[in-house]
Amino acid sequence: MSPAAPGGAGGGGVVLAVPTRLELEPLRASARALGVPVLVTGVGPAAAAAAVARRLARHGDRVVVLAGVAGAFPGAGLDAGDLCLATEEVFGDLGRCTAGGVVPIEVEGEEVPERFPLDEGHRRLGGALDAAAPKTGRLVTVSCASGTPERAAALGRRFRALAENMEGAAAALACRAAGACLVELRAVSNVAGEPDRARWRVREALEALAPAAAAALEALAPAAEVRTGG
């Protein structure tokens, strides 16, 4: 899958990033109306980091709005269609895998980036998403989505987080390196660790995501001096 998707050249403004074309589908019209370019990153941390880093290097965007679906951790109080606005992203399975779970990497004298506060994104949004009433909190990025309730529960407890995804922290890392700002909005499609895909509600999540993402883009695009009509 090519990381780039039609939506305008952008340059110095805001770009909408989504992991898949399925997640782009309900957001495309709003992005086009505002002249906001879109980027389909691909699934997973490596694809997301590479796609976002390349986009920022080529076009100099200052704000990345990452939108997509996520799996809510057990006990987070989230149902299908509920919205999450990330206040922080963390790499959930970066480390050493042991019988007791993932142990953080310790490298003497070197920083291993694991946590990424997203305060700047919240400042820029202001109250634009108040009507959508997203639940705010930490999100966890994983390379392997939780396939059992036990693993999902362990991640949720360890990080005191709302939900897991596969791109957020990687996009935040790319934004940090480029001096850009990340805003991450996710809609719950399933309970993390639910192995039965028939119980997932992806379409319901995307229907809830669309108006909230549109409101975020509308609030951020003028501030980032995005050209309209692209």
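Figured I'd write up the structure that's included with this text. (Residues numbered from 1 in each chain as written. Predicted model: local features only at pLDDT ≥ 70, side-chain atom pairs only at ≥ 80, totals over all residues. Heavy atoms only, no water.)

## A few points about the environment of A163
Convention followed: Helix numbers and strand numbers start at the N terminus; a helix is a DSSP run of H or I with at least 4 residues, a strand a run of E with at least 2. Accessibility here uses a 1.4 Å probe with only protein chains present; expressed as a share of the type maximum, an area under 20% marks a residue as buried, one over 50% as exposed, and anything in between as partly exposed. The contact rule is simple, with two residues in contact once any of their heavy atoms fall within 4.5 Å.
Here A163 is to be found in strand β9 (residues 163–165). The class for A163 is buried, based on a relative accessible area of 1%. Along the backbone, A163 and C84 are 79 residues apart, and their C-alpha atoms lie at a distance of 8.1 Å. Contact partners of A163, with chain neighbours within four places excluded, come to A70, G71, A72, F73, R138, L139 and V140.

## Describing the pairing of strand β10 (residues 181–191)
Quick note on the threshold: Any two strands between which DSSP finds at least two bridges are classified as paired.
Most of β10 is tucked away: 10 of the 11 residues are buried. Inspection of the sheet shows strand β3 (residues 63–72) paired to β10 by 10 bridges, in the parallel sense. Its bridge partner being in β10, A72 is matched across the sheet by V191. With 3 bridges joining them, strand β4 (residues 83–91) and β10 adopt antiparallel strand pairing. For L85, the partnering residue across the bridge sits in β10 and is L185.

## Digging into helix α6 (residues 168–178)
Of all the residues in α6, the buried ones are G168, A169, A170, A171, A172, A174 and C175. Positive phi appears at G179, one or two residues downstream of α6, with a value of about 75°.

## Points about the pattern of salt bridges
Filter applied, for reference: For this analysis, a salt bridge means a side-chain nitrogen from Lys or Arg found within 4 Å of a carboxyl oxygen belonging to Asp or Glu.
On inspection of all chains with the given rule, the structure shows 11 salt bridges. Across the pair E88 and R138 runs a salt bridge, and its minimum N-O distance is 2.5 Å. Taken together, the residues span a long stretch of sequence, with E88 in strand β4 and R138 in strand β8 (residues 135–141) at a distance of 50 residues. Residue classification places E88 among the buried positions, given a relative accessible area of 14%. For R138, a relative accessible area of 23% corresponds to the partly exposed category. Through salt bridges with shared partners, a single network forms among E88, R115 and R138.

## A closer look at the packing of aromatic side chains
Ring pairs (aromatic) are described by centroid distance and by the angle formed between their planes. For clarity, the cut-off: Between the rings of Phe, Tyr and Trp (Trp by its six-membered ring), a pair exists once the centres lie within 6.5 Å; its type follows the angle of the planes, with under 30 degrees stacked, over 60 edge-to-face, and the other angles tilted.
As enumerated under the stated definition, the model contains 1 aromatic pair in all. Plain terms: the ring middles of F91 and F116 are 5.8 Å apart, the flat faces sit at 80° to each other, and that makes the pair edge-to-face. Of the two residues, F91 sits in strand β4 while F116 sits in strand β7 (residues 115–117), which places them 25 residues apart along the sequence. Considered together, F91 and F116 belong to a single accessibility category, that of buried residues.

## Section: the environment of T20
What counts is decided by this rule: Whenever a nitrogen or oxygen atom comes within 3.5 Å of another N or O atom, the pair is scored as a polar contact, on the condition that within protein one atom can donate a hydrogen and the other can accept it, and that pairs from neighbouring residues in sequence are kept only if both atoms are in side chains.
By the secondary structure assignment, T20 is in the loop between β1 (14–18) and α1 (21–24). C-alpha separation for the pair T20 and T41, spaced 21 residues apart in sequence, amounts to 7.0 Å. In contact with T20, not counting residues within four places along its chain, are V40 and V43. Among the polar contacts made by the side chain of T20, one reaches the side chain of E23 at a distance of 2.7 Å.

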